[in-house]
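The residues making up each chain are set out below.
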Amino acid sequence: MLRAMTWNIRTGGRDSGGADRRDLLVRVVADERPDVLALQELRGFDSGDVLADFAGRVGMRPHLARSCFGQPVAVLLRPPLRALAATRVRRPFHHAAQRVTVATSAGPLTVLSVHLDPYRGLRRRVEAGWAAAALRRAPGELGLLAGDLNTLDPVADHTERIARLPAAYRRRHLRRDGRTVETRAVARLLAAGLVDLYAAAGAPDGGLTAPTRHGGGAEFSGMRLDYLLGTAALAGRVRGCRVLRGGEAEYASDHYPVVADLDLDPA
């Protein structure tokens, strides 16, 4: 069984003028022991030995994509998983996207860690198209898109959670008419054939991922923004999917991790 996890760790685990949360992050990851870990908001991880130190503490090997505008993202692998290929997706994402292909018992699995534009829905839709194309070009039928998509899903009714947001943040989730909820980025990924692994696993709740109880996040109102989306072949191998709540996950970031168990083994 292979465990995949995605997590926005908020500004590299350090708050401006505030706490250093990296020990909390390490403990949450170490307790969960994912085989594949997609991380977003890795501020400061692209300088010095920060990423290497973090990866070493959780027993994983890192592959980082630097950002031209925002914050880096990464995919980390736990041995014996090995990377067949690893590269930054060369599109001008607001943050970044990292693509890593690993060898599994069922063939190559391509993992994409992505963090879409936080401010503009139309831009997120464009970035979603780039992400879908990056998975289409990957070898084999197994693909996983993991990350903070900053987008509400096109299935649920979001009227109340949008109304609870301050006006400055409400605009991020509405289209230009000021009324229609902006869900086009996730809708585009689903239209491209990707499957919501949380729904595929029959998870019992709405999968809300932000904010945590004690990690901040005034721009959230109980929202699902973080996703694990897979190709149809991968969705058939999902054996469980959950939002990791409680304990130190309530303090480590303003987002909860999302975890899926997949019927795969390292090759």
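Residues numbered from 1 in each chain as written. Predicted model: local features only at pLDDT ≥ 70, side-chain atom pairs only at ≥ 80, totals over all residues. Heavy atoms only, no water.

Q: What is the right way to look at the nonpolar core in this model?
A: A general trend in soluble globular proteins is that nonpolar side chains are found buried together. Counting 27 residues, the largest nonpolar core has Val36, Leu109, Leu144, Leu197, Leu228, Leu234 and Leu262 as its most contacted members. The next biggest cluster of nonpolar side chains, apart from the first, holds 22 residues, and it includes Met5, Leu24, Val29 and Val259. (Core = buried A, V, L, I, M, F, W, Y, C linked by side-chain atoms within 4.5 Å. Buried < 20%, exposed > 50% of the residue type's maximum accessible area, 1.4 Å probe, protein only.)

Q: What is the right way to read the packing of helix H1 (residues 22–32) against helix H2 (residues 50–58) from this model?
A: H2 packs onto H1 with a crossing angle of 40° between their chain directions and a minimal axis gap of 9 Å. For the element pair H1 / H2, the angle class is oblique. As for how H1 packs across H2, the hand of that crossing is right-handed. Contacts from Arg22, Asp23, Leu25, Val26 and Val29 in H1 reach Val50, Phe54, Arg57 and Val58 in H2. The residue makeup of the contact of H1 with H2, split by class, is six nonpolar, no polar and three charged. (Axes fitted to C-alpha atoms, helices over the stretch in contact; angles between N-to-C directions. Helix = DSSP H or I, 4+ residues; strand = E, 2+ residues; numbered from the N terminus. Parallel < 35°, antiparallel > 145°, perpendicular 65-115°, else oblique. Left-handed = near helix turned anticlockwise from the far one by under 90°. Contact = heavy atoms within 4.5 Å. Nonpolar A, V, L, I, M, F, W, Y, C, P; charged D, E, K, R; others polar.)

Q: Could you clarify how one ought to interpret the packing of aromatic side chains in this entry?
A: Describing an aromatic ring pair means giving the distance of the ring centres and the angle of the ring planes. What the rule picks out here adds up to two aromatic pairs. Relative to tryptophan 130, the ring of phenylalanine 93 has its centre 5.4 Å away and its plane inclined at 80°; by these criteria the two rings are edge-to-face. Highlighted residues: phenylalanine 93 in the loop between strand S5 (83–88) and strand S6 (97–104) and tryptophan 130 in helix H3 (residues 121–136), separated in sequence by 37 residues. Look at tryptophan 130 and you get buried, because its relative accessible area is 16%. A cation over an aromatic ring shows up here: arginine 245 above the ring of tyrosine 256, its NZ or CZ 5.6 Å from the ring centre. (Phe/Tyr/Trp six-rings, centres within 6.5 Å; stacked < 30°, edge-to-face > 60°. Lys NZ or Arg CZ within 6 Å of the ring centre and 35° of its normal.)

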